[in-house]
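Residue-level structure breakdown
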Amino acid sequence: MWSVKSAPLRARIAKFLSAAIIGGLLSIVPSAWWMPLTPAAQASPVSNPDSDTYLTFNGSTQYASGGATDPATQPTNLMTVETWVKLSSTCAATECAIVGKEGVFILAIRNGLVDFALDGNANSGATSWNWNNAVGSSTNISLPTGQWFHISLVKDGTNTAKIYIDGQLRWSGNAYSCNSACTSTLSVRNTPLYVGARDYVSTLGSYFNGSIDQVALWDGARSDADITTDMDTYIN
């Protein structure tokens, strides 16, 4: 199941991918496989959008996208994005996007490590849209293939970012590469939210090879206790 959650506006919860196929908020291209959580062969899309399912992406053509102008997909100052992933490839020499909104935030596996980028309204011509592991303190977090992991990216009001794996804090550091040249507010852009690929404006790339489930975007910095308590909670 998939959702976008605005912490101050809990009534605005919108289901992504499952119910959104019907609502038109997100589209799946081209027909990424729905998979039941119990072990089974690949299945056709489920008829009941409230069943607990996940998507498996082939790493070359499949993705889901939408919500370009929906305020539910635009974090402001604080943000948390959470998801479960199972890698079919370690992405050791490439970039595999998990979820992102180009020019605002992106969470990915890059060169074999969990990585992210956040754009913080850079001042004085400075830029903050850079991969953390390339310009900052590397997360040094690698994930093996064939196992489910819960990943959380949290950005708080002090321009600090945190990465949690299975509810455990594994990395903490500067949210932006520009540091003091950035404001604490995230950039606002009418770019679509992509799951399983990255938006390069004129083309798509960085396709994810593996499975993704339970994507949730929060307009707030979730605490350690929030993440640990809710990571196994079924989103509906």
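Refer to the structure printed above.
The following paragraphs examine the structure supplied in this document. (Residues numbered from 1 in each chain as written. Predicted model: local features only at pLDDT ≥ 70, side-chain atom pairs only at ≥ 80, totals over all residues. Heavy atoms only, no water.)

Core analysis: the largest hydrophobic core is formed by 36 residues, its most contacted members being Ile98, Leu107, Leu118, Leu143 and Ile163. Top element by residues in this core is strand β7 (residues 79–87). It accounts for four residues. With sequence-adjacent residues up to four places away left out, Leu143 is seen in contact with Val85, Leu87, Thr90, Ile109, Val114, Phe149, Ile151 and Ile165. (Core = buried A, V, L, I, M, F, W, Y, C linked by side-chain atoms within 4.5 Å. Buried < 20%, exposed > 50% of the residue type's maximum accessible area, 1.4 Å probe, protein only. Helix = DSSP H or I, 4+ residues; strand = E, 2+ residues; numbered from the N terminus. Contact = heavy atoms within 4.5 Å.)

Turning next to the pairing of strand β9 (residues 105–110). For β9, the buried fraction is high: six of the six residues fall into the buried class. Here β9 shows two buried faces, one formed by Phe105, Leu107 and Ile109 and the other by Ile106, Ala108 and Arg110. In sequence, strand β8 (residues 95–101) turns back onto β9 through a hairpin of three residues, with Gly103 there showing a positive phi of about 85°. Of the strand pairs in this sheet, β9 and strand β10 (residues 113–118) are connected by six bridges, and their pairing is antiparallel. By the bridge assignment, Ile109 is partnered in β10 with Val114. Where β9 hands over to β10, the hairpin turn is made up of two residues, of which Asn111 adopts a positive phi near 50°. (Pairing = 2+ DSSP bridges.)

With that out of the way, let us pick up the state of the cysteines. Joining two cysteines, a disulfide is a covalent bond between their sulfur atoms. Tallied over the full model, the rule gives one disulfide. Here Cys91 connects covalently by a disulfide to Cys96, the sulfurs 1.9 Å from one another. Torsion about the S-S bond of the Cys91 and Cys96 cystine: about -105°, corresponding to left-handed handedness. Accessibility classification places Cys91 together with Cys96 in one group, the buried group. (Disulfide = S-S within 2.5 Å.)

Glycine aside, residues mostly have negative phi, and peptide bonds are mostly found in the trans state. One non-glycine residue with positive phi stands out, namely Asp166, at about 50°. Tracing the backbone shows Asp166 in the loop between β12 (160–165) and β13 (168–174). With phi around 55°, Ser206 is a residue other than glycine that occupies positive phi space. Along the chain, Ser206 falls in the loop between β16 (204–205) and β17 (209–218).

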